[in-house]
Structure formats: C-alpha cells, structure tokens
Amino acid sequence: MTTATESARLPAVRNRLTTGQLPKRSTLYTVIGGFILAAALQGLIGFNWFGLLVFTGVFYLIAIYSLSLMKENRRKALDRLVSGLVCTAFILALAPLVSTLWTVVSKGLGILSWEFISTSGGAAHIDPDTLELVSSSGALQAIVGTLQITGLATLFSVPIGLLTAIYLVEYAHPTFWLRRTVNFLVDVMTGIPSIVAGLFAFSLFTLLLGPKAFSGLSAAVALSVLMIPTVVRSCEEMLRLVPADLREASYALGVTKYVTITRIVIPTAIAGIATGITLAIARVIGETAPIFMAASFTDSFNANPLSGPMQTLPVMAYTGYKFPGQDIDLSNNQAWGAALLLVLLVVVLNLMARIIAMIFAPKTSR
Amino acid sequence: MKRKRDVSTSSAVVPARRVTARARPADRVFKFLSTSAAVSIMVILAGVALFLIIRALPAIGANWTTNPDLKTGVTGGFSGFWSYVGPLAFGTVWASVLALLMATPVAIGIALFISHYSPRKMANFLGYIIDLLAAVPSVVYGLWGIMVMRPFLLPLQEWLNAYLGWIPFFSGSVTSTGSSILTGAVVLAVMVLPIITSISREIFLQTPKLHEEAALALGSTRWEMIRLAVFPYGRSGVVSAILLGLGRALGETMAVAMIISPAIVVSFRLITEGENPQTIASNIALNFPIATGLQRDALIGTGLVLFVISLAVNMVARLIVNAKPRRKKVRDAGNPRGSDPGRGDGVSAADAEDDEMLSPLAAHRQERLGDDGYDGADGADGDVAAARTAVSAGFGAGLDKRAEGDQP
Amino acid sequence: MSKSVNVKDLDVYYGDFLAVHDVSIDIAPKSVTAFIGPSGCGKSTLLRTLNRMHEVIPGAHVKGQVLVDGDDLYGAGVDPVTVRRQIGMVFQRPNPFPTMSIKENVLAGVRLNNKRISRSAADDLVEKSLLAANLWNEVKDRLEKPGQGLSGGQQQRLCIARAIAVEPQVLLMDEPCSALDPISTLAVEDLINELKDSFTVVIVTHNMQQAARVSDKTAFFNIAGTGKPGKLIEYAETTTIFNNPMQKSTEDYVSGRFG
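Cut-offs and rules
- Per-chain numbering applies: the sequence of each chain, read as written, is numbered from 1 onward.
- Each chain takes a letter, starting from A, and each ligand takes a number, starting from 1, following the order in which they are written.
- Whole-chain, interface and lining totals are the exception, using all residues; otherwise, since this is a predicted model, local features are given only for residues with pLDDT of at least 70 and side-chain atom pairs are given and counted only at 80 or more.
- Secondary structure is summarised from DSSP: a helix means a run of H or I of at least four residues, a strand means a run of E of at least two, and numbering begins at the N terminus for each.
- The exposure label follows from counting other C-beta atoms within 10 Å of a residue's C-beta, where the C-beta atoms are placed from the backbone and the thresholds are 20 or more for buried and 12 or fewer for exposed, leaving partly exposed in between.
- What counts as a contact here is a pair of residues whose C-beta atoms, placed from the backbone, lie within 7 Å.
- For this scheme, ten residues count as nonpolar: Ala, Val, Leu, Ile, Met, Phe, Trp, Tyr, Cys and Pro. Four count as charged, namely Asp, Glu, Lys and Arg, and the remainder, Gly too, count as polar.
- How far a helix is expected to stretch is found by multiplying one less than its residue total by 1.5 Å.
- By construction, the arc corresponds to the directions joining the helix axis to the C-beta atoms.
- Any two strands between which DSSP finds at least two bridges are classified as paired.
- For the handedness criterion, the strands are oriented away from the viewer, and a crossover whose path from the first strand over the helix to the second runs clockwise is classed as right-handed.
- To get an axis, fit a line to the C-alpha atoms, keeping to the stretch in contact for a helix; angles then go from 0 to 180 degrees between the N-to-C directions.
- Working rule for angles: under 35 degrees goes down as roughly parallel, over 145 as roughly antiparallel, 65 to 115 as roughly perpendicular, anything else as oblique.
- In this scheme the crossing of two helices becomes right-handed for a clockwise turn of the near helix relative to the far one and left-handed for an anticlockwise turn of less than a right angle.
- Domain extents, as shown, originate in an automatic or database domain assignment.

A short note on the overall build of chain B
No. 1: Across its full length, chain B carries 17 helices and zero strands.
No. 2: In chain B, buried positions account for 56% of the 408 residues.
No. 3: In chain B, the share of contacts with a sequence separation of at least 24, taken over all contacts with a separation of at least 6, comes to 79%.

Describing the interface of chain B and chain A
No. 1: Across the boundary between the two partners, chain B contributes 84 residues, which contact 91 residues of chain A.
No. 2: Looking at the side of chain B that touches chain A element by element, the count peaks at 19 residues for helix α3 (residues 25-61) of chain B.
No. 3: Here the residues of the side of chain B that touches chain A sort into 55 nonpolar, 19 polar and 10 charged.

So, the interface of chain A and chain C
No. 1: Listed per partner, the contact involves 22 residues of chain A and 25 residues of chain C.
No. 2: Of all the secondary structure elements, the ones that give two or more residues to the side of chain A that touches chain C are α10 (244-252) and α11 (257-285) of chain A.
No. 3: In terms of residue class, the side of chain A that touches chain C is made up of 11 nonpolar, seven polar and four charged.

Section: helix α4 (residues 119-132) of chain C
In an α-helix, one turn spans 3.6 residues, which is why side chains three or four residues apart end up on the same side.
Residue and element names in this part refer to chain C.
No. 1: In a regular helix each residue adds 1.5 Å, so 14 residues correspond to 20 Å; α4 covers 20 Å between its end C-alpha atoms and thus fits that length.
No. 2: Within α4, burial applies to Leu125, Val126, Ser129, Leu130 and Ala132. Projected onto a plane normal to the axis of α4, the buried residues spread over an arc of 155° and lie on a single side. In α4, the exposed residues that point more than 90 degrees away from the buried face are Ser120 and Asp124.
No. 3: As for α4, its buried residues are in contact with α3 (102-112), α5 (136-139) and α6 (152-165).
No. 4: One or two steps after α4, the chain reaches Asn134, where phi turns positive at roughly 55°.

Notes on the pairing of strand β7 (residues 170-174) of chain C
Residue and element names in this part refer to chain C.
No. 1: The buried fraction of β7 amounts to five of the five residues, a majority that puts the element mostly inside the structure.
No. 2: Strand direction decides the pairing type here: strand β6 (residues 87-90) and β7, joined by four bridges, are parallel. By the bridge assignment, Gly88 is partnered in β7 with Leu171.
No. 3: Relative to strand β8 (residues 200-204), β7 runs parallel, the two sharing five bridges. Pairing of Met173 across the sheet is with Ile203, part of β8.
No. 4: On the question of chirality, the crossover connecting β7 to the parallel β8 by way of helix α7 (residues 182-195) is right-handed.

Concerning the pairing of strand β3 (residues 32-36) of chain C
The two faces of the sheet receive side chains in turn, since in a regular strand these alternate between them.
Residues and elements named next belong to chain C.
No. 1: When you tally the buried positions in β3, you get five out of five residues, the bulk of the element.
No. 2: The pairing of β3 with β8 spans four bridges and is classified as parallel. By the bridge assignment, Val32 is partnered in β8 with Val201.
No. 3: In this structure, β3 lies alongside strand β9 (residues 217-223), joined through four bridges in parallel fashion. If you follow Phe35 over to β9, its bridge partner there is Ala219.

Observations concerning the packing of α6 of chain C against α7 of chain C
Residues and elements named next belong to chain C.
No. 1: Following both chains from N to C, one finds α6 and α7 inclined at 20°, their axes separated by 8 Å at the closest point. Here α6 lies roughly parallel to α7, going by the angle between them. Between α6 and α7 lies a crossing whose hand is right-handed. Together, Gly152, Gly153, Gln156, Arg157 and Ile160 of α6 and Ile183, Ser184, Ala187, Val188 and Leu191 of α7 make up the contact between the two elements.
No. 2: The residue inventory of the contact of α6 with α7, partitioned by class, reads five nonpolar, four polar and one charged.

Quick look at the domain arrangement of chain A
All names here are of chain A.
No. 1: Domain boundaries assigned for chain A yield domain 1 (22-108) and domain 2 (133-360).
No. 2: Each of domain 1 and domain 2 was reduced to a C-alpha centroid, and the two centroids are 41 Å apart.
No. 3: Contacts between the two partners involve four residues from domain 1, matched on the other side by five residues from domain 2.
No. 4: In terms of residue class, the side of domain 1 that touches domain 2 is made up of two nonpolar, one polar and one charged.

Right under this line is the structure:
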C-alpha cells in the first residue's frame, strides 16, 4: 500500500475505492502553491496583475500534471491537465471583459454628467463672465441621433423580419423554391459585413439624391440591412417553438389561418419575439462603420433624419479619437463619455430582453 | 350560425359553390403581405449587390495610372484595381486568421467549461457572461485596444523582437507604439471569441446523453469521455462555428481601424512599425471621408470584394452546418411513432432550448431544428404525429423544467 | 344539431404516399363511433380527413367523398375553415391556449371567428359549455385563471368545452384519453356518453375497453405492413366487433393476440 500515508491523512473512514488518488483538496493546494510561486517570480521581474494570473495558471498546470502523474496515472494526469486548461480558458476570457468594462467606466464616468447628456456639443459660445470662447462638450446630438436612427431601423426591420418569419414558418411549403431561396438569402444577409451595408446605403442614396446624401435615414437603411436577418431568425425560431397542437386546436375551431397566426401563434411567442427584437436592437445600436458611411458625423444638433449628417454615440466615440477637435483632451474625453453611454444602453437593452423573457414566458404549471 | 343553415338546407351539389362566395380577404391580404416581405429580402439583397456593382464598375475598369482621380490620393501609386485590392484582401484574411488562431482554442475551452465542467446551475449564467462579451460594441473594443492593449502588449512585442527576432514573424523594426497587427489580432480575437463559444457550447450541449454515459460507463475520465463522445459528435458544428467567427472577423472594421497603423503591403511580420497589412474594411473606414470621386468608387469596389469573401466563408459554414442534421433525421425517422419519443429526445435539447430564447447567436441551430421538423412531414412515416414531433416536442421539452432533473 | 357522416371510397395521401386506402363508412347522427386498430393503421389520419384537418400537413390530399348530411366536404370550392366550424375536434394531448384564461378558452372559437357576443350571452355560453363538459363545478370560481393551470383531465374537458361552445354538428376525438390518468379518463368517458345526446361523436382510441364502453359502433382498421396503406377491415355494432367479429384479424386484435 504505497498510498497508506495519503489515505491516513483523510479524516473519513478509509475507503479502498479512494486509494491511488490525489487527496480531495489537492487542486486548491496546488493553486495556492502556484500563486505563491508566481508571486515570488513577480517579485524578481516586476509586478503585473495579468502576469501574476498567467504564471499562477502555468505553475498550477505543471504542478497538477506532474503530481497526478506521480501519484495516479497518465490518463488521470491528462484529465486534470485538461480540466485546468478549460477553467483557465474561461478566466482568460473574463479578463478582457472585466478590463474593457472597467476602462470604459473609469474613463467615461469623469465626463458623464447631466450637462453632457442634455447639451449638444460643438456649439461654441462666449462665456459672459470670463469673455473666453467655450465649446460645450455635450452628447445630446449623438443620443438623439442614435435613438432616431436605431428607431427608424427597427421600424423598417421588424415588420419585414416578422412577416418574413411568418411566411417561412406558417405559409411556405418546405420544398417550395421561394422558401428555400429566402432561407438561403437570409443566411447570406447575416454574413454581410457591416461596412458593406454602409456602402450600400451610401451608394443607394447618392445615386438617388446626388453626392451630398448623408442622412439619418440612409444610416437607418444600412442598419436595417444588418438587422433584418437577425430579426427573421429569432422570430422564426420563436414561431417554430409554438406547438403545432395550438395551431391545430385553433383550426379545428374553424378559425382562419390569419386569425390563428395573429391571435394564437404570435401571442404565444410574443415573449421570445420581443426578446429577439430587443437583442437585435442592442446589436445594431453599437454599429459604427455603417452609420459613419451613411450619416457621416457632425457636432451640431440635427434632429431631422431626412437630411444632413447626424451624429451617433458610436460614431462620436470613434471620431473623438480619430478626428479630434482643437482640444484633443476634450475630444478624447467625449469619446469615452459616448462609449460609456453606449455600453450602458447596450447593457440596459440586454437586461430588458431578459426581463421580457422572464415576465412573458408562457405560463405552465406542468 | 347563419352559415350553418346555408349548408344544411341546401342540396349536396349547390352549397359548395355558395360557400366559395365567402372569400376571406383578410386571410389573403395577410398571406400576400408576408409573402411580399419574404420577396423583399430578395429585393434588398439584389439591391445591395446591384448598387455596389454600379458604383464600383467605373473604378474597376478605369486606368489607374492615367486617371486624374485615381493616380493621386488614397488610391495613388497602384497600377490597377486588382493590385490595390490584392494586398488589402491579404491583410483582411491574415488579420482574421491570426485572430482565429488565438480565439479558437480558448473558445472551445470555454464552451467545454460551460457545457461539461461548470455546475449545471451556473451554465446559463456563464453563457450570459460570454454573450455580454459579444454585446460590447466594436468601437468600445477599439478604444479599449488603444488605451489598454497597446501599452499592455508593447513590452511583449519588444521582447519577442529582441529574443525571437530570428523567427520571420517577429523580425523587422519593432513597433514603437504597439499599433501592430498582433495587437489588432488580439482585440479581434476577443471579439470573435463569444461567437465561436456560444455556437460550440450549443453543439456540445446537444451531444446525446447516451453517448456520454456509454463512455463514462467504460471507465473513461471526463476528458476521455469528451474525446470519445463530445468531439466526434460536435466536430462539424465547431468547424462551422469557427468559420462563422472568421466571417465576423473579416468584416470587423472599427477595432482594426483604430488600433493598427497600417500600410497597403503583403507582409507576414507581426510586430513591425509600418509593415502591418491593412484590411479592406478598415481601409474603407479610414479613407472614405477623405476620398473623392472615383476614389470612393474604388473603395466601394474593395467593399464588394470583401462582400464576396465573407459570403464565401459564410456559405461554406452554412453548408457544413446544414449537412449535419441528416444524421439526426435518420435517428428521428427510426422512431415508429413520433409523439412519444420526442420527449426522450427533447431532454438533451431542453437546456439548449432555454438558452436559445436568449441567444441570437444560436440562430443557425434553430434552423436545423426547424428544417428537421419539416422534413419529418415529408417522411415516409405517414403518421400524422410524425409531422408535429420536432416542433411540439421541442416546445414541450423546452418548457418542461423537469427535464433539467434528468441531467446528471 | 347533429348530422350523419358518410365516407365514400376515400383514399388519403401524404404526397405520393397512400396512407389510407378505399374506406367507406356510414356514421349515424347522435351516435358514438369508435375507430380502433394498431399504430400507424391510418385511423387518426382518416379522422382528420373528416374535418379536413389533415390538410395542415403540406402535401396531404384525398380522393373520394366525405358527405356530411349529404354535403361533400371535398366538393369544389368548399372552404376547409367552413367545414371545421361545423365539425369540431378534440386532440390527443390537451391543448388549451396558453395565453388565455379558462373563460377565454371556452369562448375562443366564438371570439376568434369575429362573432360579436354580448357579455351576458358570453357568460351563458361559458356556463353552458362547461356544464356540458362536466367541468363547471370544478372551475366556476376561477374562470379568469389560465387554462394551463388545470390538471390534465380538466384541461382535456376544457378543450371539449371549447370545441362544443361553437356548437358543431359532429365532434371528432383523437385519442382524447391517451394522455390522462384513469380517473380523468373515466370523467371524459362519462362525458362522451352524455355528448351523444346532442352530437355525432367519432372517437379514435387505442384502448379497446374504452371503445367497448363508450361506442355504439366500432370500425377496425389494419395495415398489411410498413409502407402499406391502412384499410378498414370491419365496421359493425360494437358488441358484434368485440364478441362475434366476422374477420379473423379483428378477432385477433380485440382478443389481444396482436397489436
């Protein structure tokens, strides 16, 4: 019994099934050991949080593999190594998420104020007290632009997307050429790069209206191209989840197809549909390139989506860095402020989607 | 009740005609509307291709060395459209491939962690965290890349150049700002990570429980079970997940435009100053505002090339995804009666179904389920129940919380 | 209220696949007729052709005639929606509409058909239908609660109430008890016996005792093998089918020797 000492250390009654294993807490001890080693190494070469994590991970993996190889067998050692790698991968993915959110919040919080939200930028005026030229730094024009453009895009995409989904699920015969074609084309549309959508809107509007065709409407068209396939797919998914039983029950009552769809199928699926649409909005609200192509950018307030450049939050975040004004620091700060607002919007939309899904989920007591 | 009397008081032949008179305009209008919505998808897509081609053709056909517009500015110095777009296409693919090389192993690790390692109750929440990674707008990643990743990776790049500079990838004059293609690719990797993860996770969760249990019953360790049961089942799904990730990386604009300081060159060096290949999308974003006349059309032409490339990648991905359900269908058709087995089958899909309510990225999977359901209707089985199986069983199982109890 | 059903030389197809071959059957008004037979023999399919519900599945079509009091359901220009308003159906699994309350479920057929109905008339109809479905006493205090909150047997009776609220002439039941426990089954069977007074009832069942208990006449269907069409083997008084069938295969089936 080579493992007698090992098992003797366990407080529980000896169990022959536990022989030949590393003790229960070995994972934890190895992690701590790895951490101490990593900290020591960091002491030698300079401290860095990320480095600490990486070295802890590396040391842990080496240690657990060799320990297990010695005490257990090659198969178990490999199993432990992979478990360690898989968990490391997850932590590794959390690092950028946490870092991004932290950076945005810490950089953006400084400029975020009521004034930032409620005034529009670029409107330089002379301060009556000091008689100096002050340019205000607000983001109102970008907030209004974002809401208008996204709202218009939703207005275009939801009817087309929902009706297409209804066609695919309720009307089309599965082997009918139109259904196959549309199904294929929705896939194609899902793959359109966002900047190509922007180029399309730009080309369309310049061909129709001449060279200076930047407008919020144009940007909304670009976003719709990106949004429609998402809406189609999520609505389609939700409609398919409605049991065929319910449709049959309705048909058997002599209810027409149109009424069955609008009064039975859609109400049953409405939670999922609303969730899908909200998530689709959250996805396009952060699009930068297509809006930049189609609506250009501006510092002045423009609430008319039919003509003239329009500012949006993502474009403000981009231009604030790439094309700063005279006051570079102010532009950069504005960029971060816009980024923070944008992230807040996206998070709120995501939360909304989840709340909708929870509240309206079909009630069953089964 | 009026109509009822109509039919009952008439003879056998006449009432049929009289009933036809009651057309249902609402029904027809609605069917017409939804069909035209479907047709409008075709129109929109045709419009996208058409308008891009109309704008791009003059620039593609022009002589770039003599044309007054094209021989200067952003398009200056190139002999023609193809020699302009060639390096850009290379840069696009190169940056995306680098990103995928970094993202894929991590993404598969995370997907496995969520599907097979984390406590089951946590799986949904962890999936949500990863989806949050996908929800962050790309411009925010761009800012983050500038602020955080550039300085963070700079020492690493200097170190690589100093000590591993003999490897061609790390050779050349090292970047002084950190705005190298390597930094860009790392940020791109973060952005495609959630896509690959969420699709792979869905696919791993679909592994038939029977296969897994069979492997475990043979005395496999968890890793061996994954290799024996999970990977073979999910291989094609993961491949297509990677390709869909590639599709996203190809079209990604902002992160690259903001981070990499580019040149229109073909170079495999990763960490240089001024030798970082430019991507199509980023090139358009950076140069579009300053381009004039035909130069814009040239940029639109490059956009068309990008469209074609990402279309090809997406198509291959879909083909792989859609080729797979055949196997599943055979299994379903083997069930003599559709309705009851649906329950058993539905169990493994139950969790995934719940997730899907929330995950737009899973769209492609639902399509597979849906297509199966319809194929079932055409099946030789002939029994009514078979036609409803996939759809209704999926719903029943999706809502049936007890199904969760069946998970080990 | 109640009508006869005459099926003449009916073939049912799914696409090119012939599911049911050459069935002729006469069902009297105000009677209960049971369809029995092994799985896949086409009895459910045939039942669904009686109110054209099979057309919900793409590619399904029939050859032959189904006459309801002499009117051909498949005559040129007949709208299936009109047919279904007169021939109600109850399904295997209870399927109350999840978005509706108990009351709304009962009224669904009337409301969804865009009929205007006064509040008092609606209340009367709900009470009448639920009474007829033997459910009134159990749910009268919670009419506004969701229909899916009921037990399986109650849900099935709610579905029956929903079907009879539109006052059909024929009521089709597709294995209405197969998802229910024995006590709920008994309640539904009692109900079927009462429904006979006002409706023509056709019921598909896997349970031969049930067929014997509730039906006046019984039709036995069989299938020669996988991929072959289902056929009507024998149709007679229930007592004859169970005690003294003409066909060997009927006797084998009802005596439990196969199927």
